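Chain residues, written in single-letter form:
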Amino acid sequence: MEALSRAITAPKLPLHERTSNGSYFRLARRSLRPSSRRIAETGRVFACQGQNPAIEFSDPDWKSKFRKDFERRFNIPHITDIFDDAEPIPSTFSLKMRTPVSEVYAGGYPSDEEWHGYINNNDRVLLKVINYSSPTSAGAECIDPNCTWVEQWVHRAGPREKIYFKPEAVKAAIVTCGGLCPGLNDVIRHIVITLENYGVRKIVGIPFGYRGFSEKSLTEMQLSRKVVQNIHLSGGSLLGVSRGGPEVSEIVDNMEERGINMLFVLGGNGTHAGANAIHNECRKRKLRVAVVGVPKTIDNDILLMDKTFGFDTAVEEAQRAINSAYIEAHSAYHGVGIVKLMGRDSGFIAMHAALASGQVDICLIPEVPFNLHGPHGVLMHLKYLIETKGSAVVCVAEGAGQSFLERTNAKDASGNNVLGDFGVHIQQETKKYFKEIGVPVDVKYIDPTYMIRAIRANASDGILCTVLGQNAVHGAFAGYSGITVGICNTHYVYFPIPEVISHPRAVDPNSRMWHRCLTSTGQPDFV
């Protein structure tokens, strides 16, 4: 299992020149890192991932050079990159064809030239839609110090008129990795249904993540529309999940043995790193295989995308925990309710849940430093809330406050650092602080993490999962590999996997959304 973990947790690419949605330059008044200040002072940015020479803004042609570099990075790998002789065939997917595709293609593949439901390969979606006029604007993400507007286009997702796989020759496999997340079964369901619409009959599920490629006791699961018809009514994953996995070469060997030539991988940053390694190994061996990812992270920490599936459900379900904490705190004498929500590196769930509930007085996330003690600390503000309101509700992301805890070198099977439990820590510190100052408090602590992960997707996530699953299949049949599908500015797009996994997406402390959260909670800076 350690081998795949090494591929997944390979050294992070240098991204101090990149921002959370792929641009090169950021100016944020209170969140400038030293490297960002250096960029601002020198008026220089480096091309993505350190692969190209620096781009000098004094060069009158820098915009065209930037565009060319962007197009190079966001060009999505295609089967014709390796197989020059790959010939496309008319698509077997058409909504005018209401009956299942026949197994016998006597008259060639069914095609409907009159149906205008296909996506042109040259269709693009705008990555950024706000033209910031100043780097001091809230949440500004700029390419250069003058915030020059440069259009950045990415590939639109959807069915193509020509495909590069014959459905009867396809054996498709689906694997779910990492932890549980609302919506996994929804995505599995629609991958299977869409594959059958193309005419694929050999569809299997790999049990328990990448582990299912190596352990002989785990046999593949035969999938069909009949099998998956109602799985979206339950949480969890029909296929099971696990972290880590065998050597990448062992996975590809296993795929060759099974005859798998389409692989759909559902998982987060680490899982996608593994999928990209599998894609590269298949290319190295010149295998005609499509590897397509569907980003699964309840934390919403995948780069470039509006949101990932499971996030809306998590925010909605978190309201129950926050409301319970509020009732407990409000009903007690000097009550304090503390809720710990998911968010290892990113505080999106905590921020959105606090904003949605309207019951949170303090929201703590990994991206924003704070003090617990001292005149401007969290505990002093809790004292103020108890004196003025009589109660308080605190919402913390699991990755917040790690500097207050003893660090260990322990890692989980995916290679992630094992975090200390800040929720328990702030609960204990709150009790200790108020005991020392002689003020009685009644502290209630709620951790709904596993309750949230295990529930079924809500309506919003159900729709998102449906479209992601469908577009993953469309991308594979179109001949793309080493890609992931996501939603960008409300439109569905394909991204090359390396562009979305280089580092976790994080909350911008100078963003309007964080400012809205602070307005709602009324909390000070705690520094």
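Residues numbered from 1 in each chain as written. Predicted model: local features only at pLDDT ≥ 70, side-chain atom pairs only at ≥ 80, totals over all residues. Heavy atoms only, no water.

*Asks:* How should the UniProt feature "binding site: Mg(2+)" (unreviewed entry) in the protein chain be read in this particular structure?
*Replies:* What UniProt calls "binding site: Mg(2+)" (unreviewed entry) maps, in this numbering, to N269. Residue placement: N269 occurs in helix 7 (residues 269-284). (UniProt positions renumbered as here; feature names shortened; annotations may be inferred. Helix = DSSP H or I, 4+ residues; strand = E, 2+ residues; numbered from the N terminus.)

*Asks:* Would you explain the state of the cysteines in this entry?
*Replies:* Note on terminology: a disulfide is the covalent bond linking the sulfur atoms of two cysteines. Applying the stated criterion across every chain yields a total of one disulfide. With its sulfur 1.7 Å from that of its partner, C142 forms a disulfide with C147. Taken as a pair, C142 and C147 share a single burial class, namely buried. For C395, which is in no disulfide, the shortest distance to another cysteine sulfur is to C363 and amounts to 4.9 Å. Classification of C395 as buried rests on a relative accessible area of 0%. (Disulfide = S-S within 2.5 Å. Buried < 20%, exposed > 50% of the residue type's maximum accessible area, 1.4 Å probe, protein only.)

*Asks:* For this particular structure, what's the right way to read the packing of helix 8 (residues 311-331) against helix 9 (residues 348-357)?
*Replies:* What describes two packed helices is the angle between their axes and the distance between those same axes. Between helix 8 and helix 9, whose axes approach to 9 Å, the crossing angle comes to 55°. It follows that helix 8 is oblique to helix 9 by the angle criterion. Crossing of helix 8 over helix 9 shows right-handed handedness. For the pair helix 8 and helix 9, contact is made by F311, A314, V315, A318, Q319 and I322 and by F348, I349, H352, A353, A354, A356 and S357, respectively. Residue composition of the contact of helix 8 with helix 9, by class: ten nonpolar, three polar and no charged. (Axes fitted to C-alpha atoms, helices over the stretch in contact; angles between N-to-C directions. Parallel < 35°, antiparallel > 145°, perpendicular 65-115°, else oblique. Left-handed = near helix turned anticlockwise from the far one by under 90°. Contact = heavy atoms within 4.5 Å. Nonpolar A, V, L, I, M, F, W, Y, C, P; charged D, E, K, R; others polar.)

*Asks:* Help me understand the sheet that holds strand 19 (residues 491-496), please; the structure alone is not making it clear to me.
*Replies:* Taken together, nine strands build an open sheet; the order of strands is 5-7-19-18-13-12-9-10-11 and the sheet is mixed. Lying at the two open borders of the sheet, with one neighbouring strand each, are strand 5 (124-126) and strand 11 (221-222). Pairing geometry for strand 13 (residues 290-295) and strand 18 (residues 483-488), over two bridges, is parallel. Bridge pairing in strand 18 links G293 to T484. (Pairing = 2+ DSSP bridges.)

*Asks:* Mind showing me how you'd approach helix 7 here?
*Replies:* Every α-helix winds through 3.6 residues per turn, so residues three or four apart in the chain are directed the same way. Relative to the 22 Å expected for 16 residues at 1.5 Å per residue, helix 7 spans 22 Å between its end C-alpha atoms, a close match to the ideal helical length. Extensive coverage of helix 7 is indicated by the burial of twelve of its 16 residues. Taken as a whole, helix 7 has its buried residues at N269, T271, H272, A273, G274, A275, N276, A277, I278, H279, E281 and C282. K286 lies just past helix 7 and shows a positive phi near 60°. (Expected span 1.5 Å × (residues − 1).)

*Asks:* Would you mind going over empty space enclosed by the protein with me for this structure?
*Replies:* Empty space left among the atoms is revealed by rolling a probe the size of a water molecule over them. Evaluated as defined, the whole model comprises two cavities of 30 Å³ or more. One number sums up the size of the largest cavity: a volume of about 100 Å³. No other element matches the three residues that helix 7 contributes to the lining of the largest cavity. By residue class, the composition of the lining of the largest cavity is eight nonpolar, four polar and two charged. Of the volumes computed, that of the second largest cavity is approximately 70 Å³. For the second largest cavity, the full set of lining residues is K128, I130, N131, Y132, E141, C142, I143, C147, T148, W149, V150 and Q152. The residue makeup of the lining of the second largest cavity, split by class, is seven nonpolar, three polar and two charged. (1 Å grid on protein atoms, 1.4 Å probe; cavity = no way out; pocket = protein on both sides within 12 Å on 5 of 7 lines; lining within 4 Å. Points joined across faces, edges and corners; volume = space filled by probe spheres on them.)

*Asks:* In this structure, what is going on with the pattern of salt bridges? I would like to understand it.
*Replies:* Two side chains carrying opposite charge are able to pair once their charged atoms lie near each other. Summed over the entire model, instances satisfying the criterion amount to 19 salt bridges. Linking K65 and D59 is a salt bridge whose minimum nitrogen-to-oxygen distance equals 2.6 Å. Taking relative accessible area as the criterion, K65 reaches 42% and is therefore assigned partly exposed. Between R283 and D81 there is a salt bridge, with its nearest N and O atoms 2.9 Å apart. Separated by 202 residues along the polypeptide, R283 in helix 7 and D81 in the loop between helix 3 (62-73) and strand 4 (89-90) bring together distant segments of the chain. (Salt bridge = Lys/Arg side-chain N within 4 Å of Asp/Glu carboxyl O.)

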